[in-house]
Structure formats: C-alpha cells, structure tokens
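Next come the chains, spelled out residue by residue.
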Amino acid sequence: MTTLLEIKSSVLRQVQACPTFRRRAEGEPAATSADPPEPAAGAWKPGDGVEFFAHMRLILKKGEGRQGLPCPEVLLRSGSPAPAEPVDPSRGLRALTQEEVEMLYEEALYTVLYRAGTMGPDQVDDQETLLGYLQQVFGTSPEEHAEAIERVKKAKAPTYALKVSVMRAKNLLAKDPNGFSDPYCMLGILPASGAPREPGPRTEQRFSFRKGSKRGGPLPAKCIQVTEVKSSTLNPVWKENFVFEIEDVSTDQLHLDIWDHDDDVSLVEACRKLNEVIGLKGMSRYFKQIVKSARANGTAGPAEDHTDDFLGCLNIPVREVPVAGEDRWFKLEPRSSASRVQGDCQLVLKLITTQRDTGMSQRGRAGFLSYMLLLSRLLQFEHRSEEPKASCWRGELSGPAATILCLHGAQNNLSALQLAVLHWQVSSRHHQTRTLDYGYLLGLLEDMQAHWEEASSLPQGQEESLADSFNAFSEFGLRLLRQLRDFFPATNSTAVYRLELLLKCLSKMQIFQPSFEVCSFRTELNADISAALKRGNREWYDRLLNTKSPREQSGPQRLAGLVELADAVYEDLQSCYGIYASLFHSITDIDFFTLTFRQLERLVAEEAWVLTEELSPKMTLEVASGLFELYVTLADIQRFWSSIPGRDSRSLALAGIHGPFLPAVKLWLQVLRDQVRWRLQGAVDVDTLEPMDASSKHSSSAASASLCFSHIQELWARLAWPDPAQAEALGTQLSQDLCAATLFYTELLRKKVDAQPGAAGEAVSEPLCVVLNNVELLRKAAGQTLRGLAWPEVTSGPEGVLPRPLLGCAQALDEDLQQEVHTVTAHLTSKMVADIRKYVQHISLSPDSIQNDEAVAPLMKYLDEKLALLNTSLVKENLSRVLEALWELLLQAILRALGANLDVSADFYGRFHFTLEALVSFFHAEGQGLPLESLKDGSYKRLEEELRLHQCSTRECIEQYYLDKLKQVARPRVRTRSVGTRPRPRTPAPRSLAQALPQRSLEQKRFGRLSVRCHYEAAEQRLVVEVLHAADLPPLDANGLSDPFVIVELGPPHLFPLVRSQRTQVKNRTLHPVYDELFYFSVPAEACRRRGACVLFTVMDHDWLSTNDFAGEAALGLGSVGGIARPQVGGSARARQPVTLHLRRPRAQVKSALRMLEGRTNKEAQEFVKRLKELEKCMEADP
C-alpha cells in the first residue's frame, strides 16, 4: 500500500463521533419556509427589547439569593460597629444630694486612710496616689481635698477584726494505734509584744462558736476558739468560721494549734480556767491544758489520765493578711526542734472593720449601700475616659479604682456574692445610661451564679434592690428586642453577637428567680420576649408600609412600593431564618422564625388581596408588569416556607392568592412574546456574523437569544404557578411563543446571510459557518428552555417525562431546526461541489502510468485544507453534519464519474476503489471522525457494488444479475419457538419501522403472487417445474382484467446454454389464473448447484394487437430445490408443499448489474443485454 493510505486529517482527529443526521421526510412542509411574521407593536416600547430584558434581569437577580435556605455566612456581610443603642440618664441610680456626695467622699477617704493589711501586686500601695485619684473622681479643689483629709484623720480609727475560716487539713501525722488521728484546732489572737491581753471593761460576749449536741452551749472564750474533733482521719474537713477582735493590727498575730484528741477532760472547764490566766507563760501552760480536754458529755476528769498529741501549729501576723483577704494552704510548724509534724492547713483570712467613724455609718447606712454608691461613682468616672470605644467597654477599672473598691468591700465585710450582686446592680443600671459590653454583663451574672448558694445570706434590702435591677434590665432588653432590626441588623456580625449576649443575659436572669422570696421579678420572660417581638414586627411593617406604599396613594402608585415592601419582607424572613431563629431557639426556646413568618406573611397577603381587587378593573401593561413582579416575590415567600422540612404552604394566608394575578400574568406573557421578537430583531440587526471571541464560534445575536431563553426559563421556574390546569395553559402558550421566536430568529439569520456581499465566491463561507453554529446553539438553548417549562400535570405521569403538549412542541421545533441545519449545511457544502467534481475528474482522467496515491493526492489535500477551515469555524456537532454531507457529495461525484466512463480498463476501477478506501480512512480518522457504520451505508454500498461489478468478468456480472433477483424475492425467515415456552414481550416498533411494515405488505401484494412446485429427478437428470396458479395480478387491460401467461426459464444462460424457455397457456380475462402445468428441463445436477442458478418466472399479459405487457417476475434458487440440495427420499413429488413467490419489478440493484454489462463490448455481454432489452420492451411503467 502506498503512503497515502496513512494520510489522516489532523482536524478530523479532534472531531467526536455523533449520531448520523437523519433528514426529514421530503413531503413534510418546512415550518420556516414562510416569511416570518413581524412582531406586534404596542407592548411596552417598540424597539429592541433591551429595556424590557434589563428589567427582567433585575427581577431574576433578586431571585439569585432566594435559591434554597439562607446560610449565616452569606447574610453576615459586615463586621463594622453595631448601631448605637438608646440610652436614658434617668434609668441609672438615683442622683445623690450634695450632702450624700460629701459623705460618700468622706467614706472613700476613710477607707484609704485607715487601710490595714498587705497590698497585692496588682493593687496601688501608694496612699497619695489613691487620695489624688479620689480627688479627681469627686472633682474637689486641693483646699477642699486637704480639709476633707484632715477631717477624716481626726475621726476615730475603726475597730478591726480578723475573720478566720478553718477549712481543712491534709497529710497529718497518725497518732492513734489505728493509724489515724482525731484532730481538732484551737486558735486565738496573741499580741506579739508578749504581754497578756486584758479582757478590759467589756463584759459582752462578742464571739462564740457552735458545737455539736455533745458539747452543751457556747463557750465563754474571748481570744481562744476551738473547732470540732474529727475522728479517725488524717485529712479533716471543718469549714468553721471565727471572728477575732484586733487591737493592734501591726503587732497582733493569729496562733493556731492542731491536736490529736486523747483525754476526757471537759473542754468547757479548760476554757473557763484559761480566762483566769495572767501572763504569757501561764497562757502557754493553759493552752496545753486545754488541749488535754475532751468532749465527754461536758464532764471533767483528771488531767493526768490522758494527754492530747501535738500535730502542728501556725503563727500568722495580722499585718501580713492581704487587704482583699486570702484563701491559702499553710504548712504546719513544730513547737520546737524536737517536735515532729507534717501536713498543711487551709485557712481563709479576711481583715474587716466592725466600727467606722464616718457619716454613713453614723446614719446607719449598710456597708453594701455605701459600696454601691462608691462603685457607681467610680464606674461613671472610668467610663468617661473610654469614650472612643464606649459601647465595647467591659468595666475594666484602673488600678486606684480597683484598689479602693477592694479596700472598701473587705473593710465592710461584704461577701463574694454581695460584691457580685452589687457589681451587677450598678453595671446593669449604668448600661442603660451609657452602653457597656454585654459580655461584661453576662460575666457578672455568671459570677453571681457561681456564688448563688450563699443567696440566703443576702440582706433583705439588697435582695429587693437586685430584683428591681432585674426588672429594669428586662424592660430595657425588651425595648431593644422590639427594635431588633434597628439595633441588631442581621447583616452586621458585631450587632448579631451583641444580640446573642443580650439574650443570654435575659435567659440567665431567670435562674435566680426561685431564690427570691421577699421580692420576685417578672417570671414569664419568654412570653414577654414573644410579645415584644410581635409588637416589633408590626411596628417595623407599618413603618415600612407608610414609607413605601402609603394607603393614601392610588392603586397604581402603591403597586411599585408594595413590590419593594414584599422584597423587604422576603429579605427580612431570610435574616430571621438564617440569623435570628437559631439564636432565639437555642437561648430562649422561642420559635422566632415561625412567629415572624406567620405575622408578616399574613400582613403582606392582606395588602396584596386588597390591591389586586382594586387594580383588576384597571389592568394596563404597566399594571400587569407590576403585578407580575409582585406575584413572583409572593411566590418566593410561599416557596421559602415550603422548602423548610415539615412546613405546609397550604395553611398560609398567601395560599390561593395566585387567582387574582392570573389576568396580569397572561397579559405580561403577551408582552414577553413581543419583546422577545423585538430583542431578537435588534440583536440580528447589529450582528456582523462573526465569532464573538476566540473561544466561541457563534456570533453576538446567538448569545443574546440564548440569554433571552435562559431568562424565560428562570422566570417560569420562579413563577411556579400552583394550579395545574392554569399552569398547562400558560406553559403551552409560552412554549409555542418560544418556538415561534426561535424560527423567527432562524429566518432573520437566513435573510442576513443572503444579504452578505461576496459570500457566493468563497469555498467555505465564514458567515454560513457562524449561522450554522448559531442555529445549533439556539437549538440546544430552546430545547433546554422547553424542558424547563414543564408544569405539574393534573394527572401525574411518569417522572421525568414532559407533558404531552410540551413534548409535541419540543419535537416539532427540533425537527424544524434540524431541517434548517440541513438546509444551511447543504448551502455550505454546495459551494464545494464544483471543486470536488473537478478533483474526482482529475482522478478519472489520470493516466494509468501514475500511481494511485499521486492521482488521489490533490483531492486529499483539498479536503484537508477545507476541513481545517471548517474545524476552526464550526462546533463539533455541525462539523459532523458537514462531514456527512461532504461524504455524500464525494460518493455521488464518484458514482457520476463511473457512469460517465464505460468500457474502461480494470485499472480505472481499481483506482477508484483505492480512492474510496482512502476516503473512508480519511473520514474515519482512526475513530475520531465519522463512525464506520455511517460511512459504509447508503450510497457507499451502491458505489462499492458497482466497483466490484466493474472488476468482475462478464459471466460473473451475469451471475450477479441473477443473484440480485434472488435477493429481491427472498422471503423473511419465520422464527418458531419450542412448545411450552412463553413468548417474549414484543417491543413496540419505532415509528419509521411501523410505517415500513404495512408499506412492505402493500408492495408484496401490488404485483400479485405465483404458486409453483419444483423438484429434481436424479434418475432422469431433469428438473421438474410445476406452475400451479397465480393470484392478485395487476389489471393491464382496459376491461380491468388481464390475459396472463407465465414464461419459465433457467439462468444464468451460460450455465444452461442448451435449455430454452417454456411458457404456460394464456388464461383470458382473469387476475387469478389457474395453470397446473408441468415443465421438464433436462439439466445436470452440478449445474443447478452453481452460484446464481435459478428458475425465473416472468408473468406477461397477452395482447393480440400489440406487444405483450410485463406483469411481474419472481425467481427461485435451484440450490434449495428438493433432489438438488439433498436426495429425494420416497414419496411423490406432487406431495411436496408448493412455494408461493411474490411478483416484483426489477429494482435498481438489478439494473446496476445490467448497466455494467451494457458498457461491455464482448459478444456474450451484448447478447445477454439484447435479450433483456427485448423483454424490457414488454414492460410498461408501474401502474
């Protein structure tokens, strides 16, 4: 083989195989043949439709954010500061009088000047700094400040006391035989100077401690206290509290001993003796005496009977106690170097004052009240210095402020719970006058919750004040929730976080409710929140309605505003679902989304019902457009509710609202129809029929048309008309309008390309390629749009199947567009016909001396160049169609060349056979081009047959002639099934096949049928042919009948050269002749078994005055005759079943073999042709 067979088009390798293009029926009228109707004027503005579709895009753009349920990440778009909350100075603590301010100033100075204890590392230890800070806070002049300090210094110093809580010990020594101890503590205040502490003139018992039922009553000890005995443990837990008066903070110290209880001496008696001791030595002795006592029902026994074991001691100077108190583990110390101790003891120490010489104390003001006023004063001062980020202030106090508050709280013996309550009261009130960070307020509530177990210790006045603060803060928070959208917009992440913290604060307050026995605050907080949200929803809606669509305006004027209102409601519902709902549900267990949706949906529905009733009699194009846009948003609201699992839109107020909008929607769709045509007309007018860019192969008008169709599909999806019957009517009309617009566009393109100058001289017209691509793009776009226009059918059909009207419309449009594509393709390829014929003629005229590849090379080069251009200009679907058209052109050109060259050499046909194989390889391109089954079908088979026949000898052609006749009359094989098997379900035949089967039956009956019986008598070496009868012959005479007779002959002639034809008798005036005649042909069996051997039956109509008429013919292959295929075994030959042959007229494939013989000049071929032509003279045209 030559190298040309390896030529493959580089562009064809990029083509993907596609189904063979099927041409429409010739008799079907083309929908695009008529001139396109002009678009109707009067819809909106007659023009190019740009304004209309710009408005449509705005409607669709609103729907882009309405696909599915909203996500918080999409809604939260801003992290800017939250909007400022409303403040009211009157909601803070009561303003103090001048006298009260002076007393508070004195109280603060007294706290600083008479401080006691050790300052912590985070506290300000410099007294002057603290005093200077107080001067700034109270705004006094230096002179007033100095006078106040002097006045406080002259006041009586406070009385101090040490509050000791003995919590627990651990890892003590085991003193008892059981491996444990029975530890208890004894503690008291010892002056560091060594002098005994005189009881003084006071006889009042200021301190006492509670003991168990075995102890009797309180013990009379002023400076010494004892804990309970904890039996059999090395890690005792006491949690007992004691208070000791301190006379000299700088010198006194706390002494604590831990003993193992072993004797039976009464502890009461020991403590009584201790009060009579004078002197340090005697006190130490009696400390030991006390530890020898035991709890034996209050009775005393001999001290020498038992001895308590020492476990360890502590000595803590009072001056070293931190001003804020401390909770600490102290390591136990021995009494002497000989003592052996181990373990630790946990103590809580706090230095407090019991008597204060200040104005507030003298007037009986409780310590927590003075602390609350001082905290409020400091908070106001500190917050002013944080002005740039005032709303984010978390109550971080400066060092002096924190130190002064710590001193005051400790000196007034305020518990951790009292301090937490006071900070909440003051901060929550202050927040309503100047905004604080809600995280700070929530932290205060959590701090208060951590100490709430001590709630029973709260004074009644402080409990009432706390309840009032809760009520005030609840009212403030509810007022903010009423204006939720203003102060906590869903798009602001900072504001949403503030809302979360506010809800947590409101929810946290309900935890404290059960502990309020004296003065309770509002308990139904969730109900109050729901009521506030409902009221806020209504206020927001009324404000929006009055702004956008006031009721004083006329209906058409209100319509645009109502559309904006509905859009705003939808966006608000998105925010409610995506942002607010989860917060309210997780924190307060309130279904905020359902509450809001039900309320706003009902309000919008009421407004829409009223407006549609008012506008129905005034329907205009402008009103219809506005109502259409309004309905789309209302449908989105309904769809939003339905998209949430478990929600049913039938219960909504908007259910059924589509009815009043139907006239407006119908009118708007008419407007859409006209505007689409105007838009397509305008797009084609400005189209230059050039590709838009390097990545696309269609022009601008196709992109515009495709975009229009996409908008229509999106709009129909958003319309989602709920009534199936009405949706079918709307969808059917819209689909018909869409199909008409598509065909209108193709006609515009055809006129445009016909008007293009210079297109006729180009072999490959770029405008035609662009038009072909445009039509293909629009075919896909229109098909996709039509599939997207499906509506819910009244009777639900199979899922995924289009409704019948829409399916019919889509199929009709696809057929019309396929026809248009075929027309444009034919127009495009017609410009290449002359060139193709020229190159094919070049092959036929090439001398035998040149090689086949050289003769074919110009054609292959031409095709490669043109297809490279087509590949650049066409999309792959169109390129496949053009390839199929070119393939057909090439086959026809070669057939034409063969017909024009008769009686040429075998090399001539061999060259064209080479050409055909090279073209098949070229167009197939190793599977990247057209499929082989498509290439080797239709005209290819005919061409291949002719080439094969041209290369055959005369006798082979004659044999082929008879073989074709046998193929022509071959009956379809009848399949049988075994008994007892069930028949397979029959698959419905396709439409083309269903039409072909009756057509084949009619064709078989057209010329009638002939019944014969044949067999071979081997003994006689003769063939017996019995002509039985004929039926349904065609009427060939004027009387509607015929005079038929049958000619019986064997063929091919060269196999039976000595056999002559025989004929039956003529049966006059009948279409159903009966012959029953026998004919004998003396022929050898070997000749009957040769290729093409057959009996040919020719039925003629006998005419007395003219040439006989040809009625039909049939052939029976001798290879299947009994006695030839297999020896005949017994029985009579007449017992054989007759064979029914359907009469035919010779087909084209039979005539092709005849044409091959006509072109040959040898005697055998000429005689055969002459004999057949004599027979053809008897054949008339088909009746």
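Structure shown above.
Values in this document were obtained by computation on a predicted structure and should not be read as measured data. Along every chain, residues carry numbers that run from 1 in the direction the sequence is written. In keeping with the model being predicted, local features are shown solely for residues with a pLDDT of at least 70 and side-chain atom pairs are shown and tallied solely at 80 or more, while totals for entire chains, interfaces and linings include all residues. Side-chain metrics in this entry use all non-hydrogen atoms of the structure; hydrogen atoms and water are not considered.

A. Region of the structure containing the pattern of salt bridges. Just to be clear on terms, a salt bridge is a Lys or Arg side-chain nitrogen sitting within 4 Å of an Asp or Glu carboxyl oxygen. In this structure the tally under the stated criterion is 31 salt bridges. With a shortest N-O distance of 3.2 Å, R394 and D437 are connected by a salt bridge. Of this pair, R394 sits in the loop between α9 (367–384) and α10 (399–411) while D437 sits in the loop between α11 (416–431) and α12 (438–450), placing them 43 residues apart in sequence. Relative accessibility decides the category of a residue: with a 1.4 Å probe and only protein chains considered, values under 20% of the type maximum give buried, values over 50% give exposed, and everything between is partly exposed. Judged by its relative accessible area of 39%, R394 is partly exposed. One network of salt bridges, in which partners are shared, links E776, R779, D814 and R881. Only DSSP runs of H or I reaching four residues or more are called helices, and only runs of E reaching two or more are called strands; each is numbered from the N terminus.

B. Highlighting the pairing of strand β16 (residues 1094–1101). With eight of its eight residues buried, β16 lies for the most part within the structure. Burial along β16 is two-sided: C1094, L1096, T1098 and M1100 facing one way and V1095, F1097, V1099 and D1101 facing the other are all buried. Strands are treated as partners if at least two bridges between them are detected by DSSP. The sheet contact formed by strand β13 (residues 1044–1051) and β16 spans eight bridges and is antiparallel. Note on β16: the bridge partner recorded for F1045 is M1100. Here β16 pairs with strand β17 (residues 1109–1117) via eight bridges, running antiparallel. For F1097, the partnering residue across the bridge sits in β17 and is A1114.

C. The arrangement of the nonpolar core in detail. To form a nonpolar core, buried Ala, Val, Leu, Ile, Met, Phe, Trp, Tyr and Cys residues must be joined to one another through side-chain atoms within 4.5 Å. Counting 255 residues, the largest nonpolar core has W424, M448, L481, F584, L634, L672 and F923 as its most contacted members. Of all the elements, helix α17 (residues 555–588) adds the most residues to this core, at 16 residues. What makes two residues a contact is simply this: any of their non-hydrogen atoms within 4.5 Å. Discounting residues that sit within four places of it in the chain, W424 has contacts with L441, L444, L445, M448, L466, S469, F470, F473 and M509. Counting 36 residues, the second largest nonpolar core, distinct from the first, contains L1010, L1071, A1114 and L1143.

D. Highlighting the layout of surface pockets. A cavity, in this analysis, means grid points on a 1 Å lattice covering only the protein atoms where a 1.4 Å probe fits yet has no way out; a pocket is instead an open set bounded by protein on both sides within 12 Å along at least five of seven lines, and a residue lines either one if it has an atom within 4 Å of a point. Grid points are joined across faces, edges and corners, and a volume is the space filled by probe spheres set on the points. In this model, the largest pocket occupies a volume close to 960 Å³. Lining of the largest pocket is provided by 33 residues; of these, K350, L414, S415, A416 and L419 occupy positions nearest its centre. Counting residues per element, the ones that place at least two in the lining of the largest pocket are β1 (159–170), β9 (326–331), β10 (344–355), α10, α11 and α12. For the lining of the largest pocket, the element with the highest residue contribution is α10, accounting for five residues.

E. Representation of empty space enclosed by the protein in the model. Applying the stated criterion to the full structure yields six cavities of 30 Å³ or more. Of the voids in this model, the largest cavity is the one considered here, and its volume is about 60 Å³. Every residue along the wall of the largest cavity is listed here: L672, R673, V676, I712, L734, D737, L738 and A741. A total of four residues in the lining of the largest cavity trace back to one element, the largest contributor, which is helix α22 (residues 724–754). Classification used: nonpolar for Ala, Val, Leu, Ile, Met, Phe, Trp, Tyr, Cys and Pro, charged for Asp, Glu, Lys and Arg, polar for all others including Gly. Class assignment for the residues of the lining of the largest cavity results in six nonpolar, no polar and two charged.

F. Broad picture of the packing of aromatic side chains. Geometry of aromatic contacts follows a simple scheme: Phe, Tyr and Trp rings, the Trp one being its six-membered ring, pair when their centres are within 6.5 Å, and the pair is stacked under 30 degrees between planes, edge-to-face over 60, tilted otherwise. Tallied over the entire structure, the rule returns 26 aromatic pairs. When the centroid spacing of 3.9 Å and the interplanar angle of 5° are considered together, the rings of F628 and W668 count as stacked. With F628 in helix α19 (residues 621–642) and W668 in helix α20 (residues 658–685), this residue pair connects regions lying 40 residues apart in the sequence. Note on F628: relative accessible area 1%, which makes it buried. In this structure W668 comes out as buried when scored by relative accessible area, which is 2%. An aromatic cluster of at least three residues, connected via ring pairs, comprises Y570, Y577, F593, F597, F640 and W641.

G. Structural context of a negative patch on the surface. To count toward a patch, a residue needs a relative accessible area above 30% and no salt bridge. Like charges then connect within 9 Å, nonpolar side chains (Val, Leu, Ile, Met, Phe, Trp, Tyr) within 5 Å. Residue-level accessible areas treat just the shown protein chains as cover; the underlying method is Shrake-Rupley with a 1.4 Å probe. Only four residue types enter the charge count, namely Lys and Arg as positive and Asp and Glu as negative; His and the chain termini do not. For charged residues, the charge sits on one atom: NZ in Lys, CZ in Arg, CG in Asp, CD in Glu. Taken together, the side chains of E102, E143, E144 and E147 make up a negatively charged region of the molecular surface. Tallying contributions element by element places helix α5 (residues 142–153) first for the negative patch, with three residues. Here E143 is to be found in helix α5.

H. Main features of the sheet that holds strand β5 (residues 252–260). Strand order across the open sheet formed by four strands is β3-β2-β5-β8, with antiparallel pairing between neighbours. Where the open sheet ends on each side, the last strands, each with one partner, are β3 (224–226) and β8 (309–317). Neighbour to neighbour, the strand axes of the sheet diverge by 15° on average, direction disregarded. For strand β2 (residues 183–191) and β5, the ladder comprises nine bridges, and the chain directions are antiparallel. To define axes, lines are fitted to C-alpha atoms, for helices over the stretch in contact only, and angles between the resulting N-to-C directions are given on a 0 to 180 degree scale.

I. How the structure looks around the side chain of H408. Within the secondary structure, H408 is located in helix α10. Pairs of N or O atoms within 3.5 Å make up the polar contacts considered here, provided that, within protein, one atom can donate a hydrogen while the other can accept it, and that residues adjacent in sequence are counted only when both atoms are side-chain atoms. Engagement of the side chain of H408 in a polar contact is seen with the side chain of S370, the distance being 3.4 Å. With residues up to four places along the chain from it excluded, the contact list for H408 reads E107, T111, R356, G367, S370, Y371 and L374.

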